[in-house]
Amino acid sequence: MLCIHNSLTGRKEPFKPMRDNQVRMYVCGMTVYDHIHLGHARMLTVFDLVQRYLRARGFDVTYVRNVTDIDDKIIQRAAQNGEDWAALARRFTDSMHEDCARLGLAPPDHEPRATAYIPAIVAMTRTLIDKGYAYVAEDGDVLYAVRKFADYGRLSGKRLEDLRAGARVEVDEGKRDPLDFVLWKHAKPGEPSWPSPWGPGRPGWHIECSAMSVSLLGDHFDLHGGGMDLKFPHHENEIAQSCAACGTPFVNVWMHNGFVRVDDEKMSKSLGNFFTVRDVLSTLRDPEVLRFFLLSSHYRGPINYSAAQLAQADETLLGLYRALADTPGGGTADPVAMEPLTAAMDDDFNTPEAFAVLQAEARALNAAKATGDGASAAARAATLRAMGRVLGLLQADPAEYLKRGVGAGLADADIERLAAERRAARTARRFKDADRIRDELAAAGVILEDKPDGSTAWRRA
RNA sequence: GGCUAGGUGGCAGAGUGGUCAUGCAGCGGCCUGCAAAGCCGCGUACAGCGGUUCGAUUCCGCUCCUAGCCUCCA
């Protein structure tokens, strides 16, 4: 039984989709005004895992992840660059897609862009006005009247009075309540705009997600995800909009992933302490190291980024690939051995626990290899691979993976040549020469391993 | 100030009312010409103070500390 921690109730609950085994999930994606950073990578990886596991569990998943391609920051950045805002949004959408592909993330089933949903956004805004939940302010902005929605604050556990007390928002002239938020922004001169019953303007951020999710998944669906920081106000506002406009419950299960930190501080664009995915990837032997690192702690907790942590993840993942290397093929995964993995994942996607299961399997595989039990090794290897598939890991060719390194170094051919020289020296029992070559290779970042059958394998450190 | 998560061995990180996480690093052994890799073994970990209990790292209370949200943010 799959259980998921629901942010709405604060507890783990058995997961049951509304329509037999169909799962409809929506995740808040990126505002595309820069390259994606490690924080985005965690969110993307976590929900890729969720989506992947749900499918592995036999659910028929519709995964929607939006792109916010119109926003103050995009307009601002474009103005700074002297670039067309739409061109900038397209450029960074492409950049995100490149990074996602490198991270091995499955594309969502739908990736709606806000600018393609203006009619739906306008329609929902109109409905909210008609139903008395929204009003047109003097400056032409359309605002949501928070006090009209009785459940406001339920997701984030906040009460309106508390929010007002701590409100740091400047009290806008047109707002009836400082917490009222904008659904439609009237256009200022020179800004991109779309026509609407309230004059030319553009959508507020929150209404986009409501309009896109409802359009693609219906008024009421199963799962909604995003980063912790979106819980309030973004997701709170989505609930207020969608529930009010549709007159139905909105989402059954809310999932929020924890942050990536740097020096125990949140990594974010506003703090300026962020690492882009592409920069970090260039320091790694393979993007899989980053995925492994991101999944090595539970998705709801914080994770601290550092080069040392990444190095540790690299070493651990390498060990798993070493276990997989030189194993006989033809084995089939053992369903009984898979059970602990399923149990771990069923427990709110407990990836650290799942990793421990992988390690146990790798140890058994190594033991089988050491004793020369080929049949067992083949089965264990197949099992380990199957486990990796569930997590989106360990699908590369082990021999190739182990030869990968970071940056330039000795070419494969040179390594092979030196290794052959050493083998000759060793066969002739000229151990001094053999050891000298091995030391040279080690200095160049290449590690040799003599196999029991007399052959020598190599890998990059 | 309000609300929400946390504080686990050198590091990372799960979990549990009473034998075990797991990984990295370290130490010892086996293996090896020597290594590497692997296997086996080792290390008096659960912020502090009370309470409940036969027994608490695990439950309850308080204290201290950290982070997040309360404004855009994955």
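Sequence order as written defines residue numbering, which begins from 1 separately in each chain. By the order in which they are written, chains take letters starting at A while ligands take numbers starting at 1. Confidence filtering applies because this is a predicted model: local features only for residues at pLDDT of at least 70, side-chain atom pairs given and counted only at 80 or more, and all residues used for totals across whole chains, interfaces and linings. Water and hydrogen atoms were dropped before computing side-chain values, which therefore reflect all heavy atoms in the structure.

Engineer: Hey, could you run me through helix α16 (residues 431-443) in this one?
Structural biologist: In an α-helix, one full turn covers 3.6 residues, which means residues spaced three or four apart are oriented alike. With 13 residues, α16 should reach 18 Å at 1.5 Å per residue; the first-to-last C-alpha distance of 18 Å fits that figure. Three exposure classes are used, based on accessible area relative to the maximum for each residue type with a 1.4 Å probe and protein chains only: buried under 20%, partly exposed in between, and exposed over 50%. In this description a helix means any DSSP run of H or I spanning at least four residues, a strand means any run of E spanning at least two, and both kinds are numbered starting from the N terminus. Residues Ala434, Ile437 and Leu441 constitute the buried set of α16. Viewed end-on, α16 has its buried residues packed into an arc of 65°, placing them on one side of the element. In α16, the exposed positions angled more than 90 degrees off the buried face are occupied by Lys432, Asp439 and Ala443. Looking at the residues trailing α16, positive phi occurs at Gly445, about 85°. To estimate how far a helix should extend, the number of its residues minus one is multiplied by 1.5 Å. The directions from the helix axis to the C-beta atoms form the arc being described.

Engineer: For this particular structure, what's the right way to read the pattern of salt bridges?
Structural biologist: Should the charged atoms of two oppositely charged side chains come close, the side chains can pair. The salt bridge definition used is simple: a Lys or Arg side-chain nitrogen within 4 Å of an Asp or Glu carboxyl oxygen. In total, this model carries 38 salt bridges according to the counting rule given. Of the charged contacts in the structure, one is a salt bridge between Arg285 and Asp314, with a shortest N-O distance of 2.9 Å. Linking Arg285 in the loop between α8 (277-281) and α9 (287-295) with Asp314 in helix α10 (residues 307-324), this pair joins segments that are 29 residues apart in sequence. Exposure class is identical for Arg285 and Asp314. Each is buried. Between Asp433 and Arg430 there is a salt bridge, with its nearest N and O atoms 2.7 Å apart. One network of salt bridges, with partners in common, ties together Asp72, Lys185, Glu191 and Arg202.

Engineer: Before we go on, may I ask you to explain the nonpolar core in this structure?
Structural biologist: Soluble, globular proteins show a tendency: their nonpolar side chains are buried together. Definition used in this section: a nonpolar core is a set of buried Ala, Val, Leu, Ile, Met, Phe, Trp, Tyr and Cys residues joined via side-chain atoms within 4.5 Å. Grouped together as the largest cluster of nonpolar side chains are 84 residues, with contacts concentrated most on Leu54 and Phe349. With 10 residues, the top contributor of residues to this core is helix α1 (residues 38-56). Formed jointly, this core draws a minimum of three residues from each of two domains, domain 1 (20-260) and domain 2 (291-402). Residue ranges for the domains originate in an automatic or database domain assignment.

Engineer: Before we go on, may I ask you to explain empty space enclosed by the protein in this structure?
Structural biologist: If a probe as big as a water molecule is rolled over the atoms, it shows which places are left empty. Buriedness of a pocket was judged along seven lines, with at least five required to meet protein on both sides within 12 Å; pockets are open sets of points on a 1 Å grid over the protein atoms alone, cavities are sets where a 1.4 Å probe fits but cannot get out, and lining residues have an atom within 4 Å of a point. Grid points are joined across faces, edges and corners, and a volume is the space filled by probe spheres set on the points. One pass over the full model with this rule turns up one cavity of 30 Å³ or more. Estimates place the volume of the largest cavity at around 50 Å³. Within the residue set of the lining of the largest cavity, elements represented by two or more residues are α1 and α9. When the residues that make up the lining of the largest cavity are grouped by side-chain class, the tally is six nonpolar, three polar and no charged. Put simply, Ala, Val, Leu, Ile, Met, Phe, Trp, Tyr, Cys and Pro go in the nonpolar bin, Asp, Glu, Lys and Arg in the charged bin, and everything else, Gly too, in the polar bin.

Engineer: I tried to follow the packing of aromatic side chains on my own but got confused; where do I start?
Structural biologist: The relation between two aromatic rings is expressed through the spacing of the ring centres and the mutual angle of the planes. For Phe, Tyr and Trp, where Trp contributes only its six-membered ring, two rings pair if their centres lie within 6.5 Å, and the inter-plane angle classes them as stacked under 30 degrees, edge-to-face over 60, or tilted in between. For the structure on display, the rule yields 13 aromatic pairs. With a centroid separation of 5.3 Å and 80° between ring planes, the pair formed by Phe221 and Phe250 is classed as edge-to-face. Here Phe221, found in strand β9 (residues 221-227), pairs with Phe250, found in the loop between α7 (231-246) and β10 (251-257); they are 29 residues apart in sequence, far enough to count as distant. Residue Phe221 shares its accessibility class with Phe250, and that shared class is buried. Taking the centre distance of 4.7 Å and the plane angle of 50° together, the rings of Phe275 and Tyr305 count as tilted. Taken together, the positions of Phe275 in the loop between β12 (265-266) and α8 and Tyr305 in the loop between β13 (303-304) and α10 put the pair 30 residues apart, joining distant regions of the chain.

Engineer: Please clarify how the layout of surface pockets should be interpreted in this entry.
Structural biologist: Its boundaries defined by the atoms lining it, the second largest pocket holds a volume of some 470 Å³. Lining of the second largest pocket is provided by 20 residues; of these, Ala325, Asp326, Glu449, Lys451 and Ala457 occupy positions nearest its centre. Of all the secondary structure elements, the ones that give two or more residues to the lining of the second largest pocket are α13 (374-391), α14 (398-403), β14 (446-450) and β15 (456-460). Grouping the amino acids of the lining of the second largest pocket by side-chain chemistry returns nine nonpolar, two polar and nine charged. Formed jointly, the lining of the second largest pocket draws a minimum of three residues from each of two domains, domain 2 (291-402) and domain 3 (412-460).

Engineer: When you look at the pairing of strand β1 (residues 3-6) in this model, what are you seeing that I'm missing?
Structural biologist: Successive residues of a regular strand alternate their side chains across the two faces of the sheet. With four bridges joining them, β1 and strand β2 (residues 11-14) adopt antiparallel strand pairing. Residue pairing for β2: Ile4 is matched across the bridge by Glu13. Hairpin remark: β1 followed by β2, antiparallel, with four residues in the connecting loop; positive phi at Gly10, about 75°. When DSSP finds two or more bridges between two strands, those strands count as paired.

Engineer: Even after reading the chapter, I still don't get the environment of Gly153, so can you show me in this structure?
Structural biologist: The residue Gly153 is located in the loop between β6 (142-144) and α5 (160-166) in this model. Classification of Gly153 by relative accessible area gives buried; the value is 4%. The sequence separation of Gly153 and Ala240 amounts to 87 residues, and the corresponding C-alpha distance is 9.2 Å. The contacts of Gly153, once residues within four sequence positions are left out, are Lys158 and Glu236. In what follows, residue pairs with any heavy atoms lying within 4.5 Å of each other are defined as contacts.

Any functional reading would require information that these geometric values do not contain.
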